[in-house]
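Per-entry structural report
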Amino acid sequence: RGVPVEDEARLQLANAARLPIVFKHVAAMPDVHLGIGATVGSVIPTLKAIIPAAVGVDIGCGMMACKTTLHANDLPDNLGPLRSAIERAVPHGSSPRNRGRDQGSWENPPETVDQVWAGLVDEFDALCELHPRLKNTNNRKHLGTLGTGNHFIEVCLDEQQFVWFMLHSGSRGVGNFIGTMFIELAKQDAMRNNANLPDRDLAYFEEGSRYFGDYVRAVGWAQKFAAINREVMMKRVIEAAKSVIRKNFQSHTEAVNCHHNYVSKEHHFGEDVYVTRKGAV
């Protein structure tokens, strides 16, 4: 009421709310808009089932913001060198395949990135045994990289003129592959079971089904990758800033690192449910 919502998004929300697995109600955020399968800006609680498309393909996409002891007047008048230092520190964008190496990924990840990857690789290898196609994704080479689309790194000020570093990114190539693969498997399951869905993109895995456990493991790992990806980038952004800004400063006086495309098991209204948030926190 009183919030403009496009008709297509309203229909998507209604379709999601009609699913038999939805628990209590679907919530919509004020900036809700049309998405693929599930609406962007929606919160969907489900009982004993998960809708992979409601998480989407940028699993664990989210924001990290880090407050520093710098004030606006500590920044140089010319911000060009700071921007250039950040651009050198964090691979970003994506090069067309016919241009050779992708500048948006590492050719050889730095040792600091490989040390972090070491904490993720065992679980990833176990997922590859279940789904061997995962091996051929961009995984290690995308850790600590920004990506494309609406992903960004920003130097910003708060109301007290403190300098913050902020960035927006997710689980990169490997998360995209996991999301795409399981959305397709859910659709195939729905077709086999003749599921009566209002939208094929709302296909879901129920607890005990063939791929439910695999998806829970894979989506959990991708969400972990995404959070760590942001931490690695933030560390490199701050190091880059320290190479340009003459004044010594502390970082992480406050920090936020949160997903806005994810699923988590939570307890609401007396039940353990899976809550999927897409473009929502």
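See the structure shown above.
Each value, and the rule that gives it
Residues numbered from 1 in each chain as written. Predicted model: local features only at pLDDT ≥ 70, side-chain atom pairs only at ≥ 80, totals over all residues. Heavy atoms only, no water. Helix = DSSP H or I, 4+ residues; strand = E, 2+ residues; numbered from the N terminus. Buried < 20%, exposed > 50% of the residue type's maximum accessible area, 1.4 Å probe, protein only. Contact = heavy atoms within 4.5 Å. Areas by Shrake-Rupley, 256 points an atom, 1.4 Å probe, with all protein chains shown as cover. Salt bridge = Lys/Arg side-chain N within 4 Å of Asp/Glu carboxyl O. Pairing = 2+ DSSP bridges. Axes fitted to C-alpha atoms, helices over the stretch in contact; angles between N-to-C directions. 1 Å grid on protein atoms, 1.4 Å probe; cavity = no way out; pocket = protein on both sides within 12 Å on 5 of 7 lines; lining within 4 Å. Points joined across faces, edges and corners; volume = space filled by probe spheres on them. Nonpolar A, V, L, I, M, F, W, Y, C, P; charged D, E, K, R; others polar. Core = buried A, V, L, I, M, F, W, Y, C linked by side-chain atoms within 4.5 Å. Disulfide = S-S within 2.5 Å. Left-handed = near helix turned anticlockwise from the far one by under 90°.

Side note on the overall build of the protein chain
When you go through the protein chain residue by residue, the secondary structure sums to seven helices and ten strands. Seen along its three principal axes, the alpha-carbon backbone of the protein chain occupies a region of about 65 × 50 × 40 Å. Within the span of the protein chain, comprising 281 residues, buried residues form 49% of the whole. Of the contacts made within the protein chain by residues no fewer than 6 positions apart, 73% connect residues no fewer than 24 positions apart. A total of about 14600 Å² of accessible surface is found on the protein chain, and carbon and sulfur atoms cover 49% of it.

Describing the pattern of salt bridges
Tallied over the full model, the rule gives nine salt bridges. A salt bridge links Lys-67 to Glu-254; the shortest N-O distance between them is 3.6 Å. You can see Lys-67 sitting in strand β4 (residues 62-71) and its partner Glu-254 sitting in strand β8 (residues 254-259), a full 187 residues away along the chain. Residue Arg-192 pairs with Asp-189 through a salt bridge whose shortest N-O separation is 2.4 Å. Placement of both Arg-192 and Asp-189 in helix α6 (residues 172-192) is noted, with a separation of three residues, approximately one turn of the helix. The exposure class of Asp-189 is buried, given its relative accessible area of 11%.

A short note on the sheet that holds strand β2 (residues 40-46)
The strands making up a sheet associate through backbone hydrogen bonding, with each pair oriented either parallel or antiparallel. Strand order in this open sheet of four strands is β1-β2-β10-β9, and the pairing throughout is antiparallel. Each having just a single partner strand, β1 (27-33) and β9 (261-268) make up the two edges of the open sheet. On average, each strand axis in the sheet is inclined to that of its neighbour by 20°, with strand direction left out of account. Pairing analysis gives three bridges linking β1 to β2, with the strands arranged antiparallel. Among the inter-strand pairings, Ala-27 is bridged to a residue of β2, identified as Val-43.

Things to note about the sheet that holds β8
Strand order in the open sheet made by the four strands is β5-β6-β4-β8, with antiparallel pairing throughout. Each edge of the open sheet carries a strand with a single partner, namely β5 (152-157) and β8. If you compare each strand with its neighbour and ignore which way they point, the axes differ by 15° on average. Alignment of β4 against β8, held across six bridges, turns out to be antiparallel. Across the sheet, residue Met-64 finds its bridge partner in β8, namely Asn-257.

Considering the layout of surface pockets
The volume enclosed by the largest pocket comes to roughly 1000 Å³. Lining the largest pocket are 38 residues, with Val-57, Asp-58, Thr-148, His-151 and Asn-176 positioned closest to its centre. Secondary structure elements with two or more residues in the lining of the largest pocket: β1, α2 (52-55) and α6. Here the lining of the largest pocket is composed, by residue class, of nine nonpolar, 20 polar and nine charged. What the second largest pocket holds in volume is close to 320 Å³. Around the second largest pocket, the lining comprises 13 residues; the ones closest to its centre are Arg-83, Ile-86, Glu-87, Ile-153 and Glu-154. Counting only elements with at least two residues in the lining of the second largest pocket, the list comes to α3 (80-89) and β5. At four residues, the largest contribution of residues to the lining of the second largest pocket is made by α3. Tallied by class, the residues present in the lining of the second largest pocket amount to seven nonpolar, three polar and three charged.

Here's the deal with the side chain of Ser-171
Residue placement: Ser-171 occurs in the loop between β6 (162-169) and α6. Setting aside chain neighbours within four positions, we find Ser-171 in contact with Asp-58, Ile-59, Asn-176, Ala-222, Phe-225 and Ala-226.

Considering the nonpolar core
One broad trend across soluble globular proteins is that nonpolar side chains are buried collectively. The biggest cluster of nonpolar side chains holds 45 residues, and the ones touching the most others in it are Leu-19, Ile-51, Ile-178, Phe-182, Phe-205 and Trp-221. Secondary structure elements with two or more residues in this core: β3 (49-50), α2, α4 (111-117), α5 (121-130), α6 and α7 (212-244). Judged by nonpolar contacts, the second largest core, of 21 residues, contains Leu-70, Leu-82, Val-90 and Ile-238.

A short note on the state of the cysteines
Counted by the stated rule, this structure contains zero disulfides. Cys-61 takes part in no disulfide bond, and the closest cysteine sulfur, belonging to Cys-258, lies 10 Å away.

Topic: the packing of α3 against α7
Helices that pack against each other are described as a pair by the angle of their axes relative to one another and the distance between those axes. In contact at an axis separation of 9 Å, α3 and α7 are set at 140° when each is read in the N-to-C sense. In the packing of α3 onto α7, the handedness of the crossing is right-handed. Across from Pro-81, Leu-82, Ala-85, Ile-86 and Ala-89 in α3, the residues of α7 making contact are Arg-236, Val-237, Ala-240, Ala-241, Ser-243 and Val-244. For the contact of α3 with α7, the per-class residue count stands at nine nonpolar, one polar and one charged.

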